[in-house]
Each structure stands twice: as C-alpha cells, then as structure tokens.
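Descriptive structure summary
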Amino acid sequence: MATAYTPGLTVSRSVLVRKTRRLPLPGEVLVEAGAKVEPQDVLARAELPGIMRTVRAAELLGQEPHDLPQYLLVKEGDQVEKGDVLCRSTSFFGLFKNECRAPVSGRVEMINPVSGNIGIREAPSPVEVTAYIRGTVTEILPREGAVVETRGALIQGIFGVGGERCGRIRVVAAGPDRDVRPDDIPDNVDGCVVVGGAGASLDAIRLAAERGAVGFVVGGVVDEDLIGYLGHDIGVAITGQEPVPATLILTEGFGSLRMADRTWELFKELEGETASINGATQIRAGVIRPEVIVPRDTAAGDAGTPGRGVLEVGSTIRIIREPNFGMLGEVVELPAQLQTVPSGATVRVLVARLLDGRVVTVPRANVELIEK
C-alpha cells in the first residue's frame with residue numbers, strides 16, 4: 001500500500017502524552033521518578049541572575065577614579081538597599097559633602113578603581129517549571145527538569161495565542177456550525193475552558209475572559225477580531241507568550257469555520273473534565289500545535305502515541321489551500337505517479353472524498369493529516 005508522510009493534527013480520546021518540562025537554565029529538580037503530579041506542581045526551580053547596575057561613583061563625587069577607594073563606605077559582597085550611601089567625600093573642613101547612593105537594592109559585586117564605577121547586582125528572580133498536565137514523572141533530567149506522561153484525550157488546533165492554562169471544559173455553543181455571541185456566554189465560566197462551535201465574536205471572547213474563563217476554543221475567528229483581542233497584529237510565526245487574559249485556540253482556521261464533527265463530539269464527551277491548554281503555535285520547522293490535553297484515568301477508545309504522520313488510503317485529511325480550504329475528507333487513492341496540477345507544477349497528489357460527497361484530486365502538500 002502506498003504511504004507518505006504529511007504533517008498532521010491529532011484529535012483522539014486516548015493517546016499517550018509525553019511532556020518534557022525543562023528549565024531555561026540549570027537549577028534544582030524537586031521531584032523524583034514515579035511521582036504523581038498535578039498541573040500546578042513545581043517540578044524544578046532555578047534562579048535567574050539579577051541585572052547588574054553600574055554606578056559612576058567617582059564621576060558623581062567629582063573625584064579621580066583611582067581616589068575612589070578612600071571614599072568608599074561599602075566593599076565587594078556587601079548587601080545594600082536602594083538609597084544607601086555607597087561613598088562620600090567632603091571638602092572645606094567638612095562643610096561640603098558629596099554622596100553617591102545605591103539606585104537599587106542588591107549586592108555590591110564590583111568596585112573598579114580604574115573606571116571609578118561600582119557594580120550592584122540586583123536580587124535573582126526565581127524561575128519555576130510546573131508539571132502543566134496531571135500525570136506521572138517518568139524521567140528526571142538532572143538540573144534541568146523532568147518528563148511527565150499521562151494518557152488521555154488530545155486535541156490539536158490550527159492556531160493559538162496565550163500560554164499554558166488549566167480549567168474545566170464548558171461547551172457553550174448549540175452545535176459545531178454555530179457562532180458564539182455574547183448572549184451565549186454564561187455568568188459562571190470562572191476557571192473554565194469555553195468551547196464554541198464555528199466561530200466567536202470579539203465581544204464574546206472578551207466577555208468570557210472578563211467572567212474568568214482561562215481559555216476559549218473555537219473553530220475560527222476573523223483576523224480583525226484576533227488583532228482586536230491581542231491589541232496588535234501577529235507579526236511572527238511563533239506564539240504562546242501573549243499577555244491575553246484567556247488562551248485562544250482555533251481548531252479549524254481563520255473565519256467562521258464549522259468545527260470538525262469528531263472534534264466537537266469529543267469536546268462534548270469531555271465537558272466538565274479538567275483540561276490543560278496551551279496556545280503556543282510554531283508554523284516553521286519544528287512545528288508546534290496549540291493543544292488541549294485532558295488526562296483520563298479510564299480512557300477508552302483508540303490508543304497509541306500521536307504523531308505517526310503516515311498518510312494512507314482511509315486517512316482523514318483536511319485541505320489547507322483554496323479552493324477547498326478547510327474541507328475534511330477521506331483519502332481514497334494515492335497515485336504513485338507525479339501529476340501536473342492547474343498551477344503547472346508536477347507534484348504528488350492524492351484523491352479524497354470530501355464530506356459533501358465530492359471526489360477531488362489535491363497535491364499532498366496541500367493537506368494535513370488528522371490523526372486519531
């Protein structure tokens with residue numbers, strides 16, 4: 001049977017999810033292999049060195065740099081508070097006095113008699129990495145972090161903004177083809193991951209966030225609403241760090257797009273369960289998909305690991321180029337021979353039967369695999 005690799009999305013009620021949780025710099029790992037962890041549990045901690053602030057002490061005193069040591073009131077290693085006097089000079093029998101004070105709190109790390117400067121290192125900032133998902137620690141990465149595994153539902157989206165959040169799934173749309181309006185947002189969505197249908201207005205997304213929702217998952221939004229939600233345009237292909245009140249994940253794309261039936265049915269099945277979500281998206285090499293993960297103690301249905309990425313007859317695909325952008329279908333044939341497409345290029349193609357019954361021939365590069 002002919003097979004091929006193509007990037008794909010996973011929509012599954014039961015897969016093994018493995019997350020590597022790593023500090024940005026060496027630190028201390030706080031858990032042991034085999035430990036059961038919750039999303040908010042801290043796995044590892046490190047301290048990010050504080051900023052070095054340089055004080056032009058000799059210049060402020062009006063003295064030569066090599067004379068600075070005789071006016072110092074501190075030494076290297078001393079802890080100082082903002083406003084403390086670092087050095088002082090007097091003249092005219094003590095009638096006139098010049099002082100140099102610490103602009104910030106920190107530790108005196110450097111006194112340079114050549115430049116006449118004093119360096120104060122601000123307090124380090126703690127950096128922690130949490131488990132993000134409920135699961136089991138299966139591997140320790142010495143001084144870096146740990147690997148957490150869980151089995152449960154995994155739904156990947158097309159695009160997202162906002163970082164890691166955790167909340168209870170709350171479906172608010174009447175169906176996968178319905179848009180969410182402000183009137184559809186209940187009062188009690190505090191701490192919830194709100195799930196819509198085909199689309200959502202900017203007012204609906206904002207209202208959900210105002211009422212405490214930590215996430216909003218929907219088929220698509222128009223680009224003007226996304227810009228309005230962010231307050232600026234998307235200029236890079238990497239997201240996930242936006243300071244938005246609720247993480248936003250689009251499962252189908254931009255515009256009002258019916259949520260895939262399988263995705264919708266799975267969200268309905270998961271309603272009320274706790275999900276970990278992340279809007280991080282990277283479109284370039286090393287693709288990262290926005291995701292919704294729901295650990296399940298008694299996961300049923302299909303099982304396996306995501307990301308096999310094998311395209312074969314019977315695979316479910318989504319077309320990602322016009323004229324059939326967003327359409328779902330099933331692969332019915334994978335011709336081995338290259339074919340010339342309307343653009344004039346000679347490429348590998350596939351034949352798919354779309355949900356509306358049409359059979360179309362599409363370049364394999366213009367589809368993405370939806371993995372079960």
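Residues numbered from 1 in each chain as written. Predicted model: local features only at pLDDT ≥ 70, side-chain atom pairs only at ≥ 80, totals over all residues. Heavy atoms only, no water.

A few points about helix 4 (residues 261-270)
In an α-helix, one full turn covers 3.6 residues, which means residues spaced three or four apart are oriented alike. Every buried residue of helix 4 is accounted for by Thr 263, Trp 264, Leu 266, Phe 267 and Leu 270. Along the long axis of helix 4, the arc covered by the buried residues comes to 165 degrees, so they all point the same way. Looking at the residues trailing helix 4, positive phi occurs at Gly 272, about 95 degrees. (Buried < 20%, exposed > 50% of the residue type's maximum accessible area, 1.4 Å probe, protein only. Helix = DSSP H or I, 4+ residues; strand = E, 2+ residues; numbered from the N terminus. Arc of directions from axis to C-beta.)

Some words on the side chain of Asn 324
With respect to the secondary-structure elements, Asn 324 resides in the loop between strand 25 (316-319) and strand 26 (328-333). Side chain to side chain, Asn 324 and Arg 358 meet in a polar contact 3.1 Å long. (Polar contact = N/O pair within 3.5 Å; in protein donor to acceptor, adjacent residues only side chain to side chain.)

A word on the sheet that holds strand 7 (residues 79-80)
Strands in a sheet are paired, the pairing made by backbone hydrogen bonds, and the direction either parallel or antiparallel. With antiparallel pairing, the four strands of this open sheet are ordered in space as 6-11-10-7. Among the strands making up the open sheet, the edge pair consists of strand 6 (52-55) and strand 7. Pairing of strand 6 with strand 11 (residues 117-121), which is carried by four bridges, proceeds in the antiparallel orientation. In the strand pairing of strand 11, Met 52 is matched with Arg 121. (Pairing = 2+ DSSP bridges.)

A look at the confidence of the model for the protein chain
Summary statistics for the protein chain give a mean pLDDT of 89 and a share of 92% for residues scoring 70 or more. Here residues 1-5 is modelled with pLDDT under 50, and outside its nearest four sequence neighbours on either side it reaches 15 contacts, counting other chains as well. (pLDDT = per-residue confidence, 0-100. Contact = heavy atoms within 4.5 Å.)

Regarding the side chain of Glu 291
Along the chain, Glu 291 turns up in strand 23 (residues 291-295). For Glu 291, a relative accessible area of 8% translates into the label buried. Among the polar contacts listed, one links the side chain of Glu 291 to the side chain of Lys 19, at a separation of 2.9 Å.

Quick word on the pattern of salt bridges
Counting across every chain of the model gives 24 salt bridges. The partner of Glu 109 in a salt bridge is Arg 121, with the nearest N and O atoms 2.9 Å apart. Within this pair, whereas Glu 109 is found in strand 10 (residues 106-112), its partner Arg 121 is found in strand 11, the two being separated by twelve residues in sequence. Residue classification places Glu 109 among the partly exposed positions, given a relative accessible area of 29%. (Salt bridge = Lys/Arg side-chain N within 4 Å of Asp/Glu carboxyl O.)

Regarding the sheet that holds strand 12 (residues 125-130)
A sheet is described by the order of its strands in space; here three strands give the open sequence 3-5-12, paired in antiparallel fashion. Edge positions in the open sheet fall to strand 3 (28-29) and strand 12, since each of these has one partner strand only. In this sheet, strand 12 lies alongside strand 5 (residues 42-48) in antiparallel orientation, the contact comprising six bridges. From the neighbouring strand, Leu 48 faces strand 12, where its bridge partner is Ser 125.

What about helix 3 (residues 223-230)?
Inspection of helix 3 places Asp 225, Leu 226, Tyr 229 and Leu 230 among the buried residues, and these make up the whole buried set. Seen end-on, helix 3 carries its buried residues on one side only, within an arc spanning 130 degrees. Those residues of helix 3 that are buried are in contact with strand 15 (159-161), strand 19 (199-200), helix 2 (202-210), strand 20 (215-221) and strand 21 (247-254). In the stretch just after helix 3, Gly 231 is the one whose phi turns positive, near 90 degrees.

Quick look at the nonpolar core
Grouped together as the largest cluster of nonpolar side chains are 51 residues, with contacts concentrated most on Phe 216, Leu 248, Phe 267 and Val 292. A per-element tally of this core places helix 2 first, with six residues. Leave out the neighbours within four places in its chain, and Phe 267 touches Ile 155, Ile 169, Val 171, Val 195, Val 217, Met 259 and Val 292. Ranked by size, the runner-up nonpolar core spans 18 residues in total, among them Val 17, Leu 43, Ala 46 and Val 137. (Core = buried A, V, L, I, M, F, W, Y, C linked by side-chain atoms within 4.5 Å.)

Concerning the packing of aromatic side chains
Geometry of an aromatic ring pair is reported as the spacing of the ring centres plus the angle between the planes. A full pass over the atoms with the stated rule returns one aromatic pair. With a centroid separation of 5.4 Å and 50 degrees between ring planes, the pair formed by Phe 159 and Phe 254 is classed as tilted. Of this pair, Phe 159 sits in strand 15 while Phe 254 sits in strand 21, and the two are 95 residues apart along the sequence. (Phe/Tyr/Trp six-rings, centres within 6.5 Å; stacked < 30°, edge-to-face > 60°.)

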